[in-house]
Each structure stands twice: as C-alpha cells, then as structure tokens.
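# Commentary on secondary and tertiary structure
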Amino acid sequence: MRYSYKEKIPKQIEYRRGLISYENAACLEELCLTKSVFFKLCHMLRENGNLKAAKYVDVPKMVAIFLGILAHDKKTRSQKHAFKRSTWTVSKHFNNVLVALLSLKDELCIKAKPINGDASLKFRFFENCLGALDRSHIHLRVKEDWKPRFRNRKGWISTNVLRVCDDNVNFIYVLSSWEGSASNSRVLRAAMIGKLIHSKFGQGYHVFCFIWLDCHYYLCDNGYTNCEGFVAPYRSVRYHLKEWRAGPRAPKNAREYFNMRHSSARNVIERAWGLMKMRWDFLRGASFYPIRTTMRIIIACALLHNFIRREMQIDPWETKVPENFQDGGADVGEDQDELHVIGGTPEWNAWRDVLAETMFQNW
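Residues numbered from 1 in each chain as written. Predicted model: local features only at pLDDT ≥ 70, side-chain atom pairs only at ≥ 80, totals over all residues. Heavy atoms only, no water.

## Quick word on unusual backbone geometry
Excluding glycine, residues mostly have negative phi values, and the peptide bonds linking residues are mostly trans. Keep this limit in mind: Comment: elements are numbered from the N terminus, with helices defined as DSSP H or I runs of at least four residues and strands as E runs of at least two.
The residue C32 is not glycine, and still its phi comes out positive at about 65 degrees. Counting through the fold element by element, C32 comes out in the loop between α2 (24-31) and α3 (35-47).

This is the structure in structure tokens:
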C-alpha cells in the first residue's frame, strides 16, 4: 500500500484547529496560551525569528508541537501520534522552533532598571534595587559516569540554574548548564564575569545580560554574602514570610522588620519561578532530551514567560501561585554555602543597618 500525505493532512488540520480555532479554553489547556497570544507568537517567530514553514507543516503547527511538549512534558512519540507525523519530523520542528525562539533574545529580554519611588509597595524601601536573585535545581538525566558531577547536596541529579527577575515578575537574567554539584559562588562568579561554560557537557547559556552597576544591588538570600552589589538578610533572625504574623509574631526590632520587608520583596523571584514551572511541566521532571538541548529549553521557557507577561493581560496561572510561594528546588536554610567571590565589607553592613533603622522608624 502506497504511503500518502494527503490522507493524513485532514486529520492533522482537524487536531490543530481543535486547539487554536474552536475555543479559547482548549488552547489554554493544551498550549498554555490564548488564541490571540498564540498567533502573535507565531507571527513573531515567522517574521523576526526566521521560522519557515515546511512543505506539509505550517508555522502554527510547528509552534503547537513545541508548546505541547513544554506544557505537558510530552515525549516526541506522543506528539507524533497527535499530529500524525513521524518522530523525526516532530523532533526536527521542535528544534527549529527552539532555535527561532532563542534568536529573539534581544526582543524578549527585559533590561534591568533601578527601582525608584514609583515602585510597588514591596520594593518602595529598596531604592536603586535592580531585582531579586536566587538559584534553583532542575532534574536531569545524564550518563552514569556523569552523575557524581551533577548530584547536588540533596542527592538528586540536577543542574544549578541562576535566575534574576525585576519587580514586575519578568526575568532579566537566567544562567543554565552548571552541574548540580557546583557551588552558588561559582555560578554567580560566572554570571558576573560573563563567562560561558565550555565542557563535555555542552555550552552554558545565558542569553540575558547580567547588569552590574555602581551603587545598585540585587536582593539575595543567606546563601550569599552581604556585600557590594548584593543585599542579604540578617542571619540568625526570622526571615521567611510564613514566620511573620500579626500580633505576638510581628517584628520587634529593626533587624526583624528589615528581614520581613526583604523576604516580601525577594519573594518576587520565587513567584516568577513558580509561575514558570506551573505553566511548563517540562521543568518539573527529568527530561529525556540531551543536556545541551535541556539547557536551551530552560532559557526558552524564560523567554516565553516574558512574552506571555507582556502580551497576556489576564494570566490564569498567576492566581494559582500564592504570594508566599517557596520553590522546592531551591536550597533554603541557614546552612547554605556563602558567597566568597566578594567579601563582606563593613561599609555595606553599616549601610544595611542604616536602612533597617530607617525602615523601622517609618513603620
């Protein structure tokens, strides 16, 4: 029996139309985008990302294949049956969309801007702050002889991802490709000097630009030293939002009040990461893709996050992330390894003390 593309095309078109042409709810459920935002993404990838349609596969179908894999962590063979295509065709179009999306980094990257007096209530005390900084671990599948390098302190195989976002829950920097065993100081050092990783595990990716300005700083947790450019909370003082309640658990001094305000502002990076992981199931488990492809997909998810934040006025996933969300993949606690790239300075500690006293007096 002779193979015919024409017999498969009606079924392919029917499946795609069921996602993006009939109801907005179906598109949201399957692709995590509304119809209008989906077609805006297709147009941007076609016009600016140089994504070309194939003979039998148009651009919307390529993007639907790509988003379906990210949204539900589907394997290639699952999309193969859904879109009536071969495994090779699905894999090819997935990688084509990935390359086109990464080429739009200049259009989708958010530039870091110092926070001024018009900032939100959470950041109004942190003038000249550039954003919040944190790291997280994404599960990986690697070769047996690579596992010791990728095994983190909790015992599972992962990659250490550095992430920074602004006060509007947009990512301004993401660095992937570091092994799970890499210390926080080593990853941050690579971000500060703009170094990419070149090793047998592949190349590191940070299409965003890590902004380093005088008299400006990032909010970070106790895994980093309080030093020039990084404002950390007071150690051995209550910090996490769940520890603060009205009444007897309210702050009693300047240090406690500073930690409460710091935790409330820095929680924006936890919400941004939680929102991205809730939308893209791909980030929740260990991928079967090669390490290099997985690292690029992590960056692509951040770019899509910024695009959705810009184009989608009402995001149903945002209401599902609580204000005090805490990422389970991040290291939390007082026993984190401290940053020693830049040593803590008495001047910076004194500046933090003055800020804490000012905040407490104005409370």
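## Observations concerning the side chain of S136
Our working rule: Polar contacts here mean pairs of N or O atoms no more than 3.5 Å apart (in protein, one a potential hydrogen donor and the other a potential acceptor; neighbouring residues in sequence count only if both atoms are side-chain atoms).
Of note, S136 is situated in strand β1 (residues 129-139). Here W273 takes part through its side chain, which lies 3.2 Å from a polar atom of the side chain of S136.

## Focus on the nonpolar core
A general feature of soluble globular proteins is that nonpolar side chains tend to end up buried together. What counts is decided by this rule: Side-chain atoms within 4.5 Å link the members of a nonpolar core, which is a set of buried Ala, Val, Leu, Ile, Met, Phe, Trp, Tyr and Cys residues. Buried means the residue's accessible area, taken with a 1.4 Å probe over protein chains only, is under 20% of the maximum for its type, while exposed means over 50%, and partly exposed covers the values in between. Contacts are assigned to residue pairs with any non-hydrogen atoms lying within 4.5 Å of each other.
Grouped together as the largest cluster of nonpolar side chains are 92 residues, with contacts concentrated most on F66, L67, F126 and W280. Of the residues forming this core, the biggest block, 12 residues, is contributed by helix α11 (residues 291-311). Once residues within four sequence positions are removed from consideration, F66 is found in contact with F94, V97, L98, L101, A300 and L304. In terms of nonpolar packing, the next biggest core, distinct from the first, is built from 20 residues, L162, I172, A190 and Y218 among them.

## What about the packing of helix α6 (residues 87-102) against α11?
The line we're drawing: Axis angles are defined between N-to-C directions and span 0 to 180 degrees, where every axis is a line fitted to C-alpha atoms and, for a helix, only to the segment in contact. Orientation is classified from the angle alone, with under 35 degrees giving roughly parallel, over 145 giving roughly antiparallel, 65 to 115 giving roughly perpendicular, and any other angle giving oblique. Handedness of a helix crossing follows the sense of rotation of the near helix relative to the far helix, less than a right angle counterclockwise being left-handed and clockwise being right-handed. Think of it as three bins: nonpolar holds Ala, Val, Leu, Ile, Met, Phe, Trp, Tyr, Cys and Pro, charged holds Asp, Glu, Lys and Arg, and polar takes everything else, Gly as well.
For the pair α6 and α11, interaxial distance at closest approach is 10 Å and the crossing angle is 55 degrees. For the element pair α6 / α11, the angle class is oblique. Between α6 and α11 the crossing geometry is left-handed. Counting all contacts with α6, which are made through F94, N95, L98, V99, L101 and L102, the residues of α11 involved are T293, R296, I297, I299, A300, L303 and L304. Classifying every residue of the contact of α6 with α11 by side-chain character gives 10 nonpolar, 2 polar and 1 charged.

## Quick look at helix α9 (residues 184-193)
When we look at burial in α9, the residues that qualify are N184, S185, V187, L188, A190 and A191. Against β1, β2 (158-165), β3 (171-179) and β7 (230-231) lie the buried residues of α9.

## Observations concerning helix α4 (residues 59-72)
Definition in use: Expected span of a helix, by definition, is 1.5 Å for each gap between consecutive residues, and there is one gap fewer than residues.
The terminal C-alpha atoms of α4, which comprises 14 residues, lie 20 Å apart, in line with the 20 Å expected from a rise of 1.5 Å per residue. Summarising burial for α4: 13 of the 14 residues are buried, a large majority. The N-terminus of α4 is capped by D58, whose side-chain oxygen sits 3.1 Å from the backbone nitrogen of K61. Just past α4, the residue D73 takes up positive phi, approximately 50 degrees.

## Topic: the environment of K61
Assignment of secondary structure puts K61 in helix α4. Separated by 22 residues in the primary sequence, K61 and F83 have C-alpha atoms spaced 8.4 Å apart.

## A word on the pairing of β1
Convention followed: Each pair of strands is called paired provided DSSP finds at least two bridges between the two strands.
The buried fraction of β1 is high, at 10 of 11 residues. Sheet topology note: the β1/strand β6 (residues 217-219) ladder contains 3 bridges and is parallel. Looking at β6, one finds that C129 is bridged to Y217. The sheet contact formed by β1 and β2 spans 8 bridges and is antiparallel. Residue pairing in the sheet places H137 in a bridge with N160 of β2.

## What about the pattern of salt bridges?
This is how the line gets drawn: Criterion for a salt bridge: a side-chain nitrogen of Lys or Arg within 4 Å of a carboxyl oxygen of Asp or Glu.
Counted under the stated rule, the structure contains 14 salt bridges. The shortest N-O distance in the salt bridge between D134 and R266 comes to 3.3 Å. Here R266 lies in helix α10 (residues 254-279) and D134 lies in strand β1, a separation of 132 residues in the sequence. Residues D134 and R266 agree in their burial class; the two are buried. The partner of D281 in a salt bridge is R284, with the nearest N and O atoms 2.9 Å apart. For D281, a relative accessible area of 23% gives the class partly exposed. Residue class for R284 comes out partly exposed when judged on its relative accessible area of 45%.

## Here's the deal with the packing of aromatic side chains
In plain terms, the rule: Put simply, two rings from Phe, Tyr or Trp (the six-membered ring, in Trp's case) pair if the centres are within 6.5 Å, and we call them stacked under 30 degrees between planes, edge-to-face over 60, tilted for the rest.
Tallying each qualifying case throughout the model produces 13 aromatic pairs. The interplanar angle of 35 degrees and the centroid separation of 4.9 Å between the aromatic rings of F66 and F94 together place this pair among those described as tilted. One end of the pair, F66, is in helix α4; the other, F94, is in helix α6, and 28 residues separate them in sequence. Grouping residues by exposure puts F66 and F94 together as buried. On the numbers, 6.2 Å between centres and 65 degrees between planes, the contact of Y257 with F360 is edge-to-face. Placement of the pair is Y257 in helix α10 and F360 in helix α12 (residues 346-361), with a sequence separation of 103 residues.

## Side note on the environment of A190
Tracing the backbone shows A190 in helix α9. Residue A190 is classed as buried on the basis of its relative accessible area, which comes to 3%. Residues A190 and L175, 15 residues apart in the sequence, show an inter-C-alpha distance of 8.9 Å.

## Some words on the confidence of the model for the protein
The cut-off we apply is this: As a per-residue quantity, pLDDT reports the predictor's confidence and falls between 0 and 100.
Of the residues in the protein, 80% reach a pLDDT of 70 or more, and the chain-wide mean stands at 81. Across residues 196-205 the pLDDT falls below 50, and counting only partners more than four positions away or on other chains, this stretch makes 32 contacts in the model. Ignoring residues within four places in sequence, the model shows residues 332-342, a span with pLDDT below 50, making 34 contacts including any to other chains.

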